[in-house]
Each structure stands twice: as C-alpha cells, then as structure tokens.
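Here is what each chain is made of, one letter per residue.
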Amino acid sequence: MVLALVSVSFSAMAQDDPTLKYSVATNSFWSNWFIQVGAQWNAWYSAEEHGAGLDRSPIEDFRSNPGASVAIGKWFTPGLGLRTKLMGIWGKSVREFNGDGKGYYNKFWLLNENVLFNVSNMLCGYNPDRVWNFIPFIGGGIGRSMTHNRYGMDLNAGILNEFRLSRKVFLNLELGWNRIETDIDGYDAIIDPANRGWDSHDNLLYAELGLTFNLGKGTWDKVPDVAAIKALHQSQIDALNAQLADANAEIDRLNNLIRNHKCPEVPVVSAIAPPATVFFYCNKTKSGPSYSRDMVDVRTLAKYAVEKNANVLVTGYADSATGNPEHNQWLSDERAKTVVEEVVGMGVNRSKITSVGKGGVDILSPFELNRRATVEVR
C-alpha cells in the first residue's frame, strides 16, 4: 500500500516538473532487478534486560556476534523499490541470570520485505553515474529462533548507502534495526504495562558491509523531448510545403508564358510530390510519436502516385547511436516494410513500390529523428 501511494505521488511530481528532471521511460518487468550479499555485526537487546542494569554498548561480547545476509529486489522507478532480505545465522540472547549479565548463543533467521526509497534520485533527479545513493527503507516480516524453535513477527527500518563501483556492482554500507516479538530469543519477558518503549520488545541492531549486483538492464532511459521532435517535424513539413508552393508558382508562370507568347507546344511541367516521412519510437517498427499524422502525408503522396501511375521508393532508417549494426539493418528493413503495407493499402500497386533499408545512420540531429522511413515518388 505504501509503495502504491508513494508511486502515484512521485509520478505526479515527475509529470509536473517542466525540466523533466525526474521523468524516465518505463522499463520491462524483467529490468532493474538486483541481488545483495553482505556480512554483518549484530547486537541483541532482549526485552528481559529491562531494569537489569546491563551495559548497553552494541559491541559487548555478551550481546554481539557476526552474521550474514542475502537479498533480492527490484526497482520499479529510480526512487522506489522492493527487497526481500534473509539475514541471521548467529546471535545472542541476553538475559539476567543470578544477577550476572550473560549472553547465550541463539541461531536465528529473519525474513523481511522492505520498501526502498532512493532519496538521492527523488530529490536530485536520476543519474546512472552517481557515486553515492542514500536509500532509507522500512518493512516487516517474520523470524525464527532455530535454537529455541520459536517464531516471531518483526518490523524493521534502516539506511542503505550504495557506493558505485561500476554500472553493475555497488558497495553497500547498511545500518538497520529490527523490533521483534519478545519470545524469539527463547524467553518470555514479563513486561511492565507502563513500559511500552525500547524494552517492550526484543531488538536487533546491525551494521552490514556487502555488495549489490544489478541483473540485466539496471539503468533507466530519459523521456525524449516529444514536443521538440514534433516541432522539428512540423518545421520540415512547412519547409516542404513552401517548396511545393514555389514549384507550383513556377509551373503557373511557365504555362502563362507559353500561352501568352504562343510558343511551340511545350509539355506542361508537373509538380513532383515532396517526400513523406514516418517517425518511429526507439526499437519499434509499428508506431511512432506522430504516426497517425505522418500517415496523412503518406496518403497524399500515395494518391498522387496512383493518379500519375508513378513508381514509389520506401526507405527505412535506424539511428546508429543505439543498437548494433545487424539489429539496426533489420530494424530499418522492417520499418520500410511497415510503410510499404500502408502504401499498398492506400491503392498503390505493389509492383510499383521499391523497398530498401539503410541500417543505422547519423543523418539528422537529434539522433532520435533518424528512426524513420521516407516515401518518395520516382
């Protein structure tokens, strides 16, 4: 529930920010997974200690011991994620025995589900090369004492600090607190009803040093500036329309010259329709940011080709900034084929159409504009 509510508010913030600092493209479900392994030093504070006057230091021998952890998780946005973490192995139960504070070994495990908040990305915007990420977390789960065969529910909170070693590997420094039911250490505490604070439950503090390994795609793509792409596309259309108007004006001038001067019969020059362009999304062959509007221009050109019984050339492109050459060649071929089918559906005979894929190119800027197919009358 917390993850759902915060996701909605975070998405709203991203959409309202005019700088698009927080906006990223949605990744697939299988992206942004990670696993973590770590070594711990944990310290138990048992509920039975209340009033016993024991040393509260977390490094005392009777309460501290090494441990280990392993976790798997997923980031749903750059700022919000979920993690399932298993930790434990060795601990110590702390109680008062004949006036002498003594620690008893207690093998245990805790399994928790955590909600992770990457505050660095939330406040400063997503940066895949950030050296340090500050990640508070909260959660809860269940634990078991294998020594005493007892189970207990727990709540936990803490801070995960991630230090970037590479795009795939991070060094972790984690500090955490688990608040657990009182009998998980093997002893049922008699709690003063007036005491509802620290000593009303068993508590486990831990410090952990470990590694995070990103699985598959671990980064996020910034949302492209669609408005700028549309504006550039419209400016190109306006320029082509202006060229067409100039060509038609020149045709009218020549025709008037022929009629007024009774020149020998000269064939009337006919305007050649300007090329039409269809833009596509990254790695897509079926749709683009203005696909429906692009088809209007293609339909006009197809009508012209049918009237003149002209040949049509369809050329597909991909941008060379993303993907390898083999994939880009396939992508440009498929984009050309998609537009060919549209042109055939508009009445142009398939035998009049030639299709070619140019692969990955760097003709236009920004590079996103190279994800296109063009239609020309020949």
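Residues numbered from 1 in each chain as written. Predicted model: local features only at pLDDT ≥ 70, side-chain atom pairs only at ≥ 80, totals over all residues. Heavy atoms only, no water.

So, about the overall build of the chain. From N to C terminus, the chain includes five helices and 14 strands. For the chain, the residues scored as buried account for 41% of the 378 residues in total. Sequence-distant contacts, at least 24 apart, represent 69% of the contacts inside the chain between residues at least 6 apart. For the chain, the computed accessible surface area is about 20,000 Å², with 61% contributed by carbon and sulfur atoms. (Helix = DSSP H or I, 4+ residues; strand = E, 2+ residues; numbered from the N terminus. Buried < 20%, exposed > 50% of the residue type's maximum accessible area, 1.4 Å probe, protein only. Contact = heavy atoms within 4.5 Å. Areas by Shrake-Rupley, 256 points an atom, 1.4 Å probe, with all protein chains shown as cover.)

A few words on a nonpolar patch on the surface. On the surface, V37, V70, L86, L111, I142, Y151 and M153 cluster together to form a nonpolar patch covering roughly 580 Å² of accessible area. Within the secondary structure, I142 sits in strand β7 (residues 132-145). I142 gets classed as partly exposed once you look at its relative accessible area, which sits at 31%. (Patch = residues over 30% accessible without salt bridge, like charges linked within 9 Å, V, L, I, M, F, W, Y side chains within 5 Å. Salt bridge = Lys/Arg side-chain N within 4 Å of Asp/Glu carboxyl O.)

Moving on, we come to the pattern of salt bridges. For the coordinates displayed, the defined rule picks out 12 salt bridges. The partner of R83 in a salt bridge is E174, with the nearest N and O atoms 3.1 Å apart. With R83 in strand β3 (residues 80-89) and E174 in strand β9 (residues 169-180), this pair connects stretches of sequence that are 91 residues apart. Look at R83 and you get buried, because its relative accessible area is 0%.

The next thing to look at is the side chain of D294. Within the secondary structure, D294 sits in helix α4 (residues 291-308). Buried charge D294 goes without a salt bridge, the closest partner of opposite sign being R293 at 5.0 Å. The residues touching D294, leaving out its near neighbours within four places in the chain, are H233, T277, V278 and F279. (Lys, Arg positive; Asp, Glu negative; His and termini not counted.)

Our focus in this paragraph is the sheet that holds strand β10 (residues 202-215). Reading around the circumference, β1-β2-β3-β6-β7-β8-β9-β10 is the order of the eight strands in this closed barrel, with antiparallel pairing throughout. When the angles between neighbouring strand axes are averaged without regard to direction, this sheet yields 25 degrees. (Pairing = 2+ DSSP bridges. Axes fitted to C-alpha atoms, helices over the stretch in contact; angles between N-to-C directions.)

Reading across from one edge, β11-β14-β12-β13 is the order of the four strands in this open sheet, with mixed pairing throughout. Of all the strands in the sheet, the pair left with one neighbour each is β11 (276-279) and β13 (353-361). Taking each pair of neighbouring strands and ignoring which way they run, the sheet shows an average axis angle of 15 degrees. Pairing analysis gives four bridges linking β11 to strand β14 (residues 372-377), with the strands arranged antiparallel.

On to the nonpolar core. For soluble globular proteins, the rule of thumb is that nonpolar side chains tend to be buried together. Counting residues in hydrophobic clusters, the biggest one holds 24 residues, and the most contacted among them are V298, V314, V339 and V375. Considering each element in turn, this core owes the most residues, seven residues, to α4. Ignoring anything within four residues of it in the chain, the contact list for V314 reads A336, V339, V340, I353, T354, S355, V356, T374 and V375. In terms of nonpolar packing, the next biggest core, distinct from the first, is built from 20 residues, F34, F62, I135 and W220 among them. (Core = buried A, V, L, I, M, F, W, Y, C linked by side-chain atoms within 4.5 Å.)

Moving on: the confidence of the model for the chain. Overall, the prediction assigns the chain a mean pLDDT of 84, with 85% of residues at 70 or greater. Low pLDDT (under 50) marks residues 4-19, which in the prediction has 11 contacts with non-local residues, meaning those over four places away or in another chain. (pLDDT = per-residue confidence, 0-100.)

Here 13 bridges tie strand β1 (residues 33-45) to β10, and the two strands are oriented antiparallel to one another. Bridging across to β10, A39 finds its partner in L209. Judged from the 12 bridges that link them, β9 and β10 form a sheet pairing that is antiparallel. By the bridge assignment for β10, N172 is matched with G210.

Moving on to the packing of aromatic side chains. Counted according to the given criterion, the structure contains seven aromatic pairs. Centroid distance F29 to W30: 4.9 Å. Interplanar angle 80 degrees. Geometry classified as edge-to-face. Given the relative accessible area of 68%, W30 is considered exposed. Seen in terms of ring centroids, W132 and F134 are 6.0 Å apart; in terms of plane orientation they differ by 65 degrees. Their pairing is edge-to-face. For F134, a relative accessible area of 29% puts it in the partly exposed group. Ring pairing ties together the aromatic residues F29, W30 and W33, which thus form one cluster. It is K74 that lies over the ring of F29; its NZ or CZ is 5.5 Å from the centre. Taking NZ or CZ as reference, R372 lies 4.5 Å from the ring centre of Y317, over its face. (Phe/Tyr/Trp six-rings, centres within 6.5 Å; stacked < 30°, edge-to-face > 60°. Lys NZ or Arg CZ within 6 Å of the ring centre and 35° of its normal.)

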